[in-house]
Amino acid sequence: VSPREPHVRDLLVRVDRSHGHALTRQLEEQLRNAVRSGLLAPGSDLPSTRTLAEDLSVSRGVVVRAYAQLAAEGYLDLRRGANPRVRLVERSEAPPVSPSTGEVPKLRYDLRAHQPELSTFPRQLWLRSVRHALLIAADAELGYIDPRGLQPLRVELSDYLRRARGVMAEPDRVVITAGSTHTLSLLARVLAARGAKTIGFENPSHWMLHAVTRRSGLTPVGIPVDRQGLRVDQLRSSNVGAVVVSPAHQFPTGAVLSAERRAALVDWARDCGGLIIEDEYDAELRYDRAPIGALQGLAREHVVYLGSTGKTLSPGIRLGWAVLPAELVTPLAHELWGTIVHVSGIDQLALADFLRRGEFDRHLRRMRTLYRRRRDALVSALVDRLPEMPVSGIAAGLHVVVVLSSIEAEKSAVERARALGIAIEGISQHALPGYNGPQGVLIGYGGIGDASITAAMDDLEGALRPNR
Ligand SMILES: Cc1ncc(COP(=O)(O)O)c(C=O)c1O
């Protein structure tokens, strides 16, 4: 094996020439203290003698002697042709978790509703777009950029959102964020700064969204939903000035906001100056129904449209966007600037390239086919095993709802599944105070391989019908 090239490494040590101690002693002492205190972790590499000598402007011999002393004391390993390394110390293993502590068993199946398939993330194609982004980025795009986001991405998104979602999205109405949760937290801060105390939500709706608005100073108010989506009549009597809705695919019930209710919701916004916050978290993932255009296209001055790559590409990318009424663009961008300054410019250019090449559209097509197949397998496995239990919300998204008879049945199903190493969510986890709709569990199929669906349902059957 050929010796490794020594690496160049920075190290925070200093020598003081006015100090009485010889330079070698000073260096030894500092390195010893750094290892003892853990500042230099076991297994970490130190600079080569040449690099450290240059950095400290001392002769190489000073460093060679200091390293030799510490090696003799057992702190360092000196390796021919490679950087010295802090010696690994023996550690006792942490005690294994006792099965009697009630710890959650290892997760065998993650069937939570938000989980997309991550193994099909188009790594090579994304890499090509990131490479491209790095090659074409102007120097200025590597500095602080416009907090609204880079123009090329806002232009590509505006084109995509118009043609695929019916969103009236001029590039100067688009703000790039770190995902829909981020957008909503910024927006809630803007509304709170204008004096709002509350914000409306469909009841039930995702608990994470409730949590971020609470942190931004607003109290979530639940508005009931039924098969036609949000009860706009109840919104009218609720007194909230803004409401978060998912008209294309209500989370978690799967209801689609009916044409009548869409019109009524827009009327509400026009009549009382209300703000509709449209959360399009998974509208692109539809399987056997015609696409439903975004509400934003009907009332662009009354709707903030939230979009994200979280379900379509991967939640870890943390890229999302808002399309805003004109008067909210600057306040939202200002809030974003005041918190994270802006979202990574390289990531933005990569997504712009990915969209421009048509890769986003192609990826969506592939994923729709994959998810539809999985959805079919899941629904037929459920119907075979539990024919008496209604399954709903199956036309789109990444999960289905199995309706259960009571909150007790729901809680016990979630607990029993957990004990079997299966993560599922209950509707009540997403409910706000006053909820009195159906009970049941959400079964996600985004994060489970096709081959595992039947096995997972074999296990889950017992959890959903414990008295069998
Ligand atoms: C209904 C709904 N809206 C919004 C989000 C937020 O998505 P992100 O912040 O990843 O863009 C999620 C995430 O699970 C969700 O389920």
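Just so it is clear, the structure is predicted and the values come from calculations on it, not from any experiment. (Residues numbered from 1 in each chain as written. Predicted model: local features only at pLDDT ≥ 70, side-chain atom pairs only at ≥ 80, totals over all residues. Heavy atoms only, no water.)

## Some points on the environment of Asp10
And step 1. Its location among the elements puts Asp10 in the segment before α1 (23–37).
And step 2. Overall, Asp10 belongs to the exposed group, its relative accessible area being 75%.
And step 3. Residues Asp10 and Thr51 lie 41 residues apart in sequence; the distance between their C-alpha atoms is 8.6 Å. (Helix = DSSP H or I, 4+ residues; strand = E, 2+ residues; numbered from the N terminus. Buried < 20%, exposed > 50% of the residue type's maximum accessible area, 1.4 Å probe, protein only.)

## Some words on the side chain of His206
And step 1. Locating His206 in the fold gives a position in the loop between β5 (198–203) and α7 (207–215).
And step 2. Look past the residues within four positions of His206 in its chain and what remains in contact with it is Phe251 and His430. (Contact = heavy atoms within 4.5 Å.)

## Remarks on the packing of helix α4 (residues 123–136) against helix α11 (residues 345–356)
And step 1. Between α4 and α11, the least distance of the axes is 8 Å, while the angle of their chain directions is 120°. By the angle between their directions, the pair α4 and α11 is classed as oblique. You can see that α4 and α11 cross each other, and the crossing is right-handed. Only Ile346, Asp347, Leu349, Ala350, Leu351, Asp353, Phe354 and Arg356 of α11 make contact with α4, whose side of the interface consists of Leu125, Trp126, Ser129, Val130, His132, Ala133 and Leu134.
And step 2. Tallied by class, the residues present in the contact of α4 with α11 amount to 10 nonpolar, two polar and three charged. (Axes fitted to C-alpha atoms, helices over the stretch in contact; angles between N-to-C directions. Parallel < 35°, antiparallel > 145°, perpendicular 65-115°, else oblique. Left-handed = near helix turned anticlockwise from the far one by under 90°. Nonpolar A, V, L, I, M, F, W, Y, C, P; charged D, E, K, R; others polar.)

## Observations concerning the site of the ligand
And step 1. Within the structure, the ligand sits among His114, Gly179, Ser180, Thr181, His206, Leu209, Phe251, Asp279, Tyr281, Ser308, Lys311 and Arg318.
And step 2. Between an oxygen atom of the ligand and a side-chain N or O atom of Thr181, the distance comes to 2.4 Å.
And step 3. In the model, an oxygen atom of the ligand is placed 2.5 Å from a nitrogen or oxygen of the Ser308 side chain.
And step 4. Out of a free accessible area of 390 Å², the ligand has 94% covered by protein chains.
And step 5. Split by residue class, the shell around the ligand holds three nonpolar, six polar and three charged. (Near = heavy atom within 4 Å. Polar contact = N/O pair within 3.5 Å; in protein donor to acceptor, adjacent residues only side chain to side chain. Areas by Shrake-Rupley, 256 points an atom, 1.4 Å probe, with all protein chains shown as cover.)

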